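# A closer look at the structure
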Amino acid sequence: AEPNSVAVGTMVSRKKAKGKARKAAKEATKQVVKSSAAEDDSHQQRQQESLEEQMQRLKLLSNKNLFTIKQNEYGNQSAYASEFIPKHTLIFAELPAIRGGEIEIATLYNENGTHACQADDDAFLKNNIGLDESTRKAIWELHDQFIDTYTPTNHPLYSPDEKRVLGIIKSNAYHSNEEGSRGLYPTISRFNHSCKPNVGYGFKGWEMRLYTTSDVQEGEELCTCYSDMVYFHNRVERGEFLKSKFNFDCICSGCNSSDSDDESEEQRLKQSDTRRERLRLLAETLAQRDRSNLKKSDLDMIMESINIMKLESLEHNISTTYRLAREWAMKLGEDEASLEEKCLSAELYAKLLELSKGEKHSETIQAMMEVRRKSK
């Protein structure tokens, strides 16, 4: 939210404006609530479903302590591996504290001024969404990257430099491609961003699943990638995007050298920029291909994309590219042995889907059936 440039008026004009804003918000909220009603028949039912779902789906993680949350060198909380974690290990899964229509309403009330301070936000989380004290506390402990952009209000409970729920959502929420909306995940929000992440994620409905995309050493920071946009842009372009979208300057190893005087480090970063620009060109070219008239050169471009994604540690969404590569290869008449030579085995594809979507997801089940057919 950008700072409001309109000068503060008199107390009377503020009250009139706030009254109009509340009325407008009430009308707008009716539409949001209506759209989310089918999703959540009642908050109590949703809470019970969430608890049962967590107990069922997350049981395999209950005895694992693969990471810890602690303060990093910049004073922020982050996730670190508590032991060596092999590549393609499921490390955590979580359901959102707030999601979908709840986030849209909270955002609307912040943007139109209905909520003027953190106290208003907290009352909304408690009374409208029904979050208990411990969940609200976990939300307020999350980082608000936009805290320096808020305009002071005359609300009696307002205090300078206080977090707002809108900023916490903008800084931490993830978009579920299966649900078509955002969710706020208190624990997963502790995983910082990197343009060369070692953690991938996927969704089974609202459940968000984290898994390693490389071997992770004990004590190493665990990072996700906040946006697929960084896949296709060089350091300068990525930096501008992340600053405009999330209001931070990226200092990950993919954007900065560990030693500014080391020429090899600068060369590494330049090579990375070249590869990502090539990845963008490949993606744009493949998007225009006629899939009813595939050529070997099309498959070659997909395989080149996969190789670049591996070199750049961009494997968190690679299952989608694997699926496309397998489909095109089979349409071009290649058999399973040829696919395995290209590292496109049915087993690996099924494993990636199980990690990102869960073993009971329809796509995973279909992939596992293909593995069983191949083994017969």
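Below: a short report on this structure.

Here is what the cut-offs are and how they apply
- Residues numbered from 1 in each chain as written.
- Predicted model: local features only at pLDDT ≥ 70, side-chain atom pairs only at ≥ 80, totals over all residues.
- Heavy atoms only, no water.
- Helix = DSSP H or I, 4+ residues; strand = E, 2+ residues; numbered from the N terminus.
- Expected span 1.5 Å × (residues − 1).
- Buried < 20%, exposed > 50% of the residue type's maximum accessible area, 1.4 Å probe, protein only.
- Contact = heavy atoms within 4.5 Å.
- Pairing = 2+ DSSP bridges.
- Axes fitted to C-alpha atoms, helices over the stretch in contact; angles between N-to-C directions.

Between its first and last C-alpha atoms helix α12 (residues 346-357) spans 16 Å; for 12 residues at 1.5 Å apiece the expected length is 16 Å, and the two agree. Those residues of α12 lying buried are Ala 346, Tyr 349, Ala 350, Leu 352, Leu 353, Leu 355, Ser 356 and Lys 357. Remark: Gly 358 follows α12 within two positions and exhibits a positive phi of approximately 95°.

The subject of this paragraph is the environment of Val 371. Take Val 371: it is sitting in helix α13 (residues 362-375). Judged by its relative accessible area of 13%, Val 371 falls in the buried class. In the structure, Val 371 is positioned 21 residues away from Ala 350 in sequence and 7.7 Å away in space, judged by C-alpha atoms. Not counting the four nearest positions on each side in its chain, Val 371 is found in contact with Ala 346, Glu 347 and Ala 350.

Hydrogen bonds between backbone groups are what pair the strands of a sheet, and the pairing can be parallel or antiparallel. One open sheet holds the 3 strands; their spatial order is β3-β9-β8, and the pairing between them is antiparallel. The sheet terminates laterally at β3 (90-94) and β8 (199-204), the two strands that pair on one side only. Put simply, the sheet's adjacent strands are angled 20° from each other on average, direction ignored. Lying over the sheet, α12 contacts β3, β8 and β9 (207-212), oriented at roughly 130° with respect to β9.

Attention shifts here to the pairing of β8. Burial within β8 is extensive, with 6 of its 6 residues counted as buried. Where β8 meets β9, 6 bridges bridge the pair, whose relative direction is antiparallel. When the bridges of β9 are listed, Val 199 appears paired with Thr 212. Where β8 folds back on β9, the antiparallel hairpin that results is connected by 2 residues, among which Gly 205 adopts a positive phi of roughly 65°.

Shape is all these values report; function is a separate question.
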